[in-house]
Amino acid sequence: MELNANAFGRNARKALHDKTLQEALGRTTGRFLAHRDAAIAAFPEFEATRERASRIKQDALDHLDAYLARFIAEAEQRGAIVHVARDAAQAREIAARIARDEGVTLAVKSKSMASEEISFNEALQGAGVTVVESDLGEFIIQLAGEAPSHIIAPAVHKTREEISRLFERHLGEPRTDSIPELVGMARRHLRAKFLSAGMGVSGGNFLVADTGSVVLVTNEGNGRMGTILPRVHLAVVGIEKIIPRMADLPTFLRLLPRSASGQAISSYVSIVTGTRRAGDPEGPERVHLLLLDCGRSAILEGKYRAILKCVRCAACLNVCPVYQSVGGHAYGWVYSGPIGAVLTPLLVGLPEAGPLPDASTLCGACADVCPVKIPLPDFLLELRSDAREQGWKTPGEIAAMKGYAGVMKRAGLLEAIERIAGVLGQFFTKGKGISGLPYPFSGWTERRDFPAPAARPFRKLWKIKRGVTR
Amino acid sequence: MRAEGPIPVSLFFTCLADAFSPGVCIATVEVLERFGATVRVPLSQTCCGQPAFNSGNRKEARAMARKFLRSFPDDGYIVTPSGSCAAMVKHGYPVLFRDEPPMLSRARAVGERIHELSQFLVDVLGVTDPKSDFSGKVTYHDSCHLRRGLGVVEAPRKLLRAVPGVEFVEMEESDRCCGFGGVFSVKYPQISCRMTERKVERILATGASYVTSGDLGCLLSIGGLISRVGYPVKPIHLAEILAGGTGRPSSFAADAASGDARPPGTVRGAGGR
Ligand code: SF4
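The shown structure was predicted, so the numbers you read here are calculated from the model rather than taken from an experiment.

Attention shifts here to the nonpolar core. The biggest cluster of nonpolar side chains holds 181 residues, and the ones touching the most others in it are Phe8 and Ile307 of chain A together with Tyr93 of chain B. Dropping the residues within four chain positions of it, tyrosine 93 of chain B is found in contact with Cys48, Met64, Ala65, Phe68, Leu69, Met88, Ala107 and Val110 of chain B. One finds Ala95, Ile98, Leu290 and Cys294 of chain A within the second-largest nonpolar core, a separate group that totals 24 residues.

Structure below.
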């Protein structure tokens, strides 16, 4: 998927003026949040479960090599073919080769953020394969030629009118504003694809090391059809999705749907363990697992390791006031909201995603809801510091900060400046708020006043009244 | 009330209040003295370094933190009318000095000493009756750093409810960020403003005459919007409510602030009265 995270500011301003988007964001994030809050309130073991999940993930990451080796051995023993891709280019190559070797011309795909990272669809199209998105939301945005804007509700930015128009244009369906009818149209269209596709492509929510299984948590049956009906199944999953044991899975199955959509349990949990065995009534004859490193090993080595605990529940997006204001596309890549603001710069580098770590007030709401306790605001702060250390701050900002520190190091100098500012402030504003500040503060006063500095700062008042000089 | 005899308190008045709302500092002193504190004001203090820290400029932030540690060398409590500055000292300094063991232990020690005003009154002094004669319908905005950074949720509410003249009303989404976020409001003013607008909508929906908070930063943003549009609600710092309100300058404030154009209980530039 195309990367334009550096355009965050521009994207955000556009999003703020997009009425449809604004309505959709308010509606959807509000609903997810309300459901989540209710689900967590009705789940007294939440804190304990969260703590356990966080520890399991930490253990998985601390010994990722060993668990990965175990996963690969177990999966291969059950007939799966495992590929590990160092980077996106290699991943695309492998994916295209698999499709060619398996003689596939049509693939149905569902549930995979990781595949967005490597521009999977383009890779397959390059190999002459048509890829049809089979999750309703993904299907809609594929028709629209857009990218997902939310982890679990990729088409959150689309209205039903827009969707109906898309279905009319691309599927020849009559216009309707009934959601069940729209769903029915998509279903009819997709069923045909499932039956004729040579390959089903999926992501994976968890990789279970001790059984070699890929676990898919979904609310649509499509994911299951994609893994069962076609002859070949290909799962594209990041290596960090490992959990050590099948016995750990229930912990995550309790947390994920509650955090994501506020459901106590998701509609479907598919556990794909190897190929179809003799006597199995269904299942793929061939299973390929494409495990993506794509920068994850590097993250694992450093201070941001815990970001790889993420289970992609999107709770942090829904609760983030910045995400709620600008939506997912503003973040300019696969991941959005607080998780995107941290993960994107780590995966693609700060030069490609510099504005994202600054796109937060550090309010901390994301860390409050994260089911695996990722310290997202701390990581945002670290990334801002990395940006300074690696020389990605603007000379203007550095100069401003140096000036600020130069003043603040001396109380006397600060006092002198306050005195001048106080006089000027009173003179120009007559004690009222300031309604127009110069650049770079002009944005601040576009719709808000800024207070005029006091004629006499507190330090001065205190000296006068108490006669104290220390 | 816990204390026998005077409790020495050093006031960290914060650079923002010093320059823009000295009334908030005065109110803080008054309240502390009312409950038996002897307030010392180290005059060499400036800024906790939060703007530098939050924007990733750690070298400058460390210089500020060192300066802060020098300005508050003694034992005893440090009290500040700002949740976010207290959180900076408590949680930011240990990060800044994580590779400098001697400084780290000093930073941790100072983190133990620092308290936000309402937290100090309720948790340390055990104040149940703030003895304030403020009157009006008041709603409270949780600043993110006070609530999530310091875990202070109930103390300000308890104090507000205990003021006989205060009719306290909760707003919806009281714990939602107001959009200020320091440097964020300069880097992304449009997003910041959108968040502030949503906050102000919630405030107006309560029909309160005052919106209060434990952080001046939030009140700058909220008050700035209120002032621009002229909404019928007045931002006021929690310390000012606890001190007894606006238009009734105390003896200290009366002489000290004579010549100052406005009563001390006024967030400057945040008019709309
Ligand atoms: S960072 Fe936490 S809250 Fe956000 S998507 Fe990942 S697991 Fe969910």
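Back to the text.
What follows concerns the interface of chain A and chain B. Taken residue by residue, the interface counts 71 residues in chain A and 80 residues in chain B. Interface area for chain A against chain B, summed over the two sides, is near 6,400 Å², with a carbon-plus-sulfur share of 57%. Linking chain A with chain B are 9 salt bridges, by the criterion used here. Between glutamate 382 of chain A and arginine 98 of chain B there is a salt bridge whose closest N-O contact spans 2.8 Å. The interface formed by chain A and chain B holds 34 residue pairs in polar contact (both at pLDDT 80 or more) in total. Secondary-structure elements contributing two or more residues to the side of chain A that touches chain B are helix H1 (8-16), helix H15 (321-326), helix H18 (365-369), helix H19 (376-389), helix H20 (395-408), helix H21 (411-429) and helix H22 (458-466) of chain A. Of all the elements, H22 of chain A adds the most residues to the side of chain A that touches chain B, at 7 residues. Taken together, the residues of the side of chain A that touches chain B break down into 32 nonpolar, 15 polar and 24 charged.

Here we come to helix H12 (residues 216-229) of chain B. Residue and element names in this part refer to chain B. For H12, which comprises 14 residues, the first-to-last C-alpha distance of 20 Å matches the rise-based estimate of 20 Å (1.5 Å per residue) to within 8%. Of all 14 residues in H12, 12 are buried, a share of seventy percent or more. For H12, the full list of buried residues reads Leu216, Gly217, Cys218, Leu219, Leu220, Ser221, Ile222, Gly223, Gly224, Leu225, Ile226 and Ser227. Once H12 ends, the next one or two residues include glycine 230, with phi positive near 80°.

Residues and elements named next belong to chain A. For the structure shown, the criterion picks out 6 cavities of 30 Å³ or more. Put simply, the largest cavity is a space of about 120 Å³. Taken together, 18 residues form the lining of the largest cavity, with Cys320, Pro338, Ser360, Cys363 and Cys366 sitting closest to its centre. Per-element accounting of the lining of the largest cavity gives the leading share, 3 residues, to helix H16 (residues 337-348). Residue classes in the lining of the largest cavity are distributed as 14 nonpolar, 4 polar and no charged.

We now examine the site of the ligand. Taken together, the neighbourhood of the ligand is formed by Cys310, Val311, Arg312, Cys313, Ala314, Cys316, Ile339, Cys370, Pro371, Val372, Ile374 and Leu376 of chain A. A breakdown of the residues in the shell around the ligand according to their chemical character gives 11 nonpolar, no polar and 1 charged.

This part is about the environment of alanine 86 of chain B. Residues and elements named next belong to chain B. Here alanine 86 shows up in helix H5 (residues 83-96). For the pair alanine 86 and glycine 223, spaced 137 residues apart in sequence, the C-alpha separation works out to 22 Å. Once residues lying within four places of it in the same chain are set aside, the contact partners of alanine 86 are Thr80, Ile114, Glu116 and Leu150.

So, about the pairing of strand E7 (residues 210-213) of chain B. Residues and elements named next belong to chain B. Every second residue of E7 is oriented toward a common face, with Tyr210 and Thr212 on one face and Val211 and Ser213 on the other, all of them buried. Where strand E5 (residues 136-141) and E7 come together, 4 bridges link them in parallel fashion. Paired with threonine 139 across the strands is valine 211, a residue of E7. Pairing of E7 with strand E8 (residues 234-237), which is carried by 4 bridges, proceeds in the parallel orientation. Looking across to E8, one finds that valine 211 is bridged to proline 235. As for the winding sense of the linkage, the β-α-β connection from E7 through H12 to E8 is right-handed.

On to the state of the cysteines, then. Tallying each qualifying case throughout the model produces 0 disulfides over all chains. Take cysteine 144 of chain B: it sits in no disulfide, and the sulfur closest to it among the cysteines is that of cysteine 177 of chain B, at 4.0 Å.

Residues and elements named next belong to chain A. Overall, mixed pairing links the 4 strands, which are arranged E8-E5-E6-E9 in an open sheet. Whereas interior strands pair on both sides, the edge strands pair on one side only; in this sheet they are strand E8 (242-243) and strand E9 (268-272). In terms of strand pairing, strand E5 (residues 206-208) meets strand E6 (residues 213-218) through 3 bridges, oriented antiparallel. Its bridge partner lying in E6, valine 208 is registered against serine 213.

In this section: a nonpolar patch on the surface. Residue and element names in this part refer to chain A. A surface patch of nonpolar side chains, about 480 Å² in accessible area, is lined by Ile420, Leu424, Phe427 and Phe428. As for its position among the elements, isoleucine 420 is in helix H21. On the basis of relative accessibility, which here comes to 53%, the residue isoleucine 420 falls in the exposed class.

This part takes up the environment of methionine 246 of chain A. Among the structural elements, methionine 246 of chain A can be located in the loop between E8 and helix H12 (249-260). On a C-alpha basis, the gap between methionine 246 of chain A and glycine 212 of chain A in space is 9.4 Å, while along the polypeptide they are 34 residues apart.

Let us look at the sheet that holds E5 of chain B. Within a beta sheet, neighbouring strands are joined by backbone hydrogen bonds and run either parallel or antiparallel to one another. Residues and elements named next belong to chain B. Strand order in the open sheet formed by 4 strands is E6-E5-E7-E8, with parallel pairing between adjacent strands. Whereas interior strands pair on both sides, the edge strands pair on one side only; in this sheet they are strand E6 (166-169) and E8. The average undirected angle you get between the axes of adjacent strands in this sheet is 35°.

Rules behind the numbers
- Residues numbered from 1 in each chain as written.
- Chains lettered and ligands numbered in written order.
- Predicted model: local features only at pLDDT ≥ 70, side-chain atom pairs only at ≥ 80, totals over all residues.
- Heavy atoms only, no water.
- Core = buried A, V, L, I, M, F, W, Y, C linked by side-chain atoms within 4.5 Å.
- Buried < 20%, exposed > 50% of the residue type's maximum accessible area, 1.4 Å probe, protein only.
- Contact = heavy atoms within 4.5 Å.
- Buried area = accessible area lost by both parts, 1.4 Å probe.
- Salt bridge = Lys/Arg side-chain N within 4 Å of Asp/Glu carboxyl O.
- Polar contact = N/O pair within 3.5 Å; in protein donor to acceptor, adjacent residues only side chain to side chain.
- Helix = DSSP H or I, 4+ residues; strand = E, 2+ residues; numbered from the N terminus.
- Nonpolar A, V, L, I, M, F, W, Y, C, P; charged D, E, K, R; others polar.
- Expected span 1.5 Å × (residues − 1).
- 1 Å grid on protein atoms, 1.4 Å probe; cavity = no way out; pocket = protein on both sides within 12 Å on 5 of 7 lines; lining within 4 Å.
- Points joined across faces, edges and corners; volume = space filled by probe spheres on them.
- Near = heavy atom within 4 Å.
- Pairing = 2+ DSSP bridges.
- Right-handed = clockwise from strand over helix to strand, strands pointing away.
- Disulfide = S-S within 2.5 Å.
- Patch = residues over 30% accessible without salt bridge, like charges linked within 9 Å, V, L, I, M, F, W, Y side chains within 5 Å.
- Areas by Shrake-Rupley, 256 points an atom, 1.4 Å probe, with all protein chains shown as cover.
- Axes fitted to C-alpha atoms, helices over the stretch in contact; angles between N-to-C directions.

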